[in-house]
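Read off the chains here:
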Amino acid sequence: MELKVTDYNIDRDGVATVRFNRPGRGNSWTSRMNAEYRHIMATLDDDPAVKVIVLTGAGKQFCVGADFKALDHYTEGEKDYVASVRGEGFARPGHGVRKEYDHELVWHWGLKKPVIAAINGACAGIAVAIVGFCDLRYAVAGAKLTTAAARLGLPAEYGMAWLLPRLMGMTHAADVLITGRIFLAEEAKQMGLLNDVFEPEEFDARIAAIARSIALTVSPQAALTTKRQLYAELMESDVGECVEDSKRLIGELMRGDDYKEGVAALQERRPPRFKGIGRSLAAVQEARQA
C-alpha cells in the first residue's frame, strides 16, 4: 500500500515508530488513514524484527480526531455512517485471537507486540479511543485531550463508554465523556489514563528509552503472553481461574527458549538475547491458547 497520510520506520533495536502524518490538518483521522494504519500495524506485527511499536503524530499534534470535512459529510441527507466506515478491504491486524477483539480499534489487543502511544500534542475524539486501546500511554506536558463527542451532539465513540471507566474509573470517565471538556495531560495522568507525562525537551528521549528497554530486555514471547492475559482477564469474573491459567502459562513458557535465555542472562550478568516473534511463533502461541 502506498502511504500518503502515515509513515513508519524500524530501528536496529526492533523499535518501530508509526506516525499519523497529516500535520497540516492536525493529523486528523480519515478513512484513508485508517486503512494505512491497519496495513502498517499488520505488517509490523508479522515482522520478527519488530519487538515494540511506538505510535505518535507528525509535527506537534498527535491526532485532533476525525477530519471536519468527513464530519460535515454526514450533516445532510440519509447517509449511512455504519456502512461508510465498514472497511471490508482493510487489513485485519490482531484479528482471530478472540471474537471480542475483531472490531474497530479493539484489534490492538490482539496484536503480538506491545504498542506505546506517544501523545506528542493535541489528542481528540477518536484519537482518545485509539490511545486507550494501546498498551502504554505517555504524553508531552501540556498536551490537550478531549473526547469531544458530546459537544458535537454525538454519543461516546468507539467503545469509550466501556473502555474509559476501566482505565480511569467511572467518576472520571463520566466527567470527560459527558462534558466533552478539554483536559491537560497532567490531569489525564492523575485520572489514570496516562502512565506518565514528560516535558517537551525530554519527551522523545524518554519514549525512546522506554521502547528500547522493552525491545532489548523483555522476552517477546513473555510480552505476547502477558498481553493476552491482561485483556482476556479484563473480561473474566473468576479470579481463581485467572490464577490457575497463569500457572499453566508459567509451565508452558518455562519449557521455551526465552526462559532459558532469560535465566542464563541473569546468571551471567549480561543483557538477554531473545529471539523475535513473528507469524510462525505467534501461530504456535495462538494454538496453545485455543
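Provided above is the structure to which this section pertains.
Worth saying up front: this structure is predicted, and the values here are computed from it rather than measured.

Thresholds applied
- Residues numbered from 1 in each chain as written.
- Predicted model: local features only at pLDDT ≥ 70, side-chain atom pairs only at ≥ 80, totals over all residues.
- Heavy atoms only, no water.
- Phe/Tyr/Trp six-rings, centres within 6.5 Å; stacked < 30°, edge-to-face > 60°.
- Helix = DSSP H or I, 4+ residues; strand = E, 2+ residues; numbered from the N terminus.
- Buried < 20%, exposed > 50% of the residue type's maximum accessible area, 1.4 Å probe, protein only.
- Lys NZ or Arg CZ within 6 Å of the ring centre and 35° of its normal.
- Salt bridge = Lys/Arg side-chain N within 4 Å of Asp/Glu carboxyl O.

Asks: If you had to explain the packing of aromatic side chains to someone new, which residues and values would you point to?
Replies: The tally for this structure, following the rule as stated, stands at 10 aromatic pairs. Considering the side-chain rings of W109 and W162, the 5.9 Å spacing of their centres and the 55° angle between planes classify their relative orientation as tilted. Pair noted here: W109 is in the loop between helix 3 (81-84) and strand 4 (115-119) and W162 is in helix 5 (residues 160-168), with a separation of 53 residues, a long-range link. By relative accessible area, which is 32% here, W162 ends up partly exposed. Ring centres 4.4 Å apart and planes at 5° place the aromatic pair W109 and Y231 in the stacked group. Taken together, the positions of W109 in the loop between helix 3 and strand 4 and Y231 in helix 9 (residues 220-234) put the pair 122 residues apart, joining distant regions of the chain. Take W109 and Y231: they sit in the same class, and that class is buried. An aromatic cluster is present here, built from F20, W29, Y37, F62 and W107 joined pairwise through their rings. Sitting over the ring of W162, R166 keeps its end group 3.9 Å from the ring centre.

Asks: Account for the pattern of salt bridges, with residues named and values stated.
Replies: In this structure the tally under the stated criterion is 20 salt bridges. Residues K227 and D135 are paired through a salt bridge, measuring 2.8 Å at the closest nitrogen-oxygen approach. Of this pair, K227 sits in helix 9 while D135 sits in the loop between helix 4 (126-132) and strand 6 (136-140), and the two are 92 residues apart along the sequence. Each member of the pair, K227 as well as D135, is classed as buried. Among the salt bridges present, the one from R248 reaches D245, with a minimum N-O distance of 2.6 Å. Of this pair, R248 and D245 both sit in helix 10 (residues 239-254), 3 residues apart, which is roughly one turn of the helix. Here R248 falls in the partly exposed class, since its relative accessible area comes to 35%. When salt bridges that share partners are traced, they join R22, R25 and D67 into one network.

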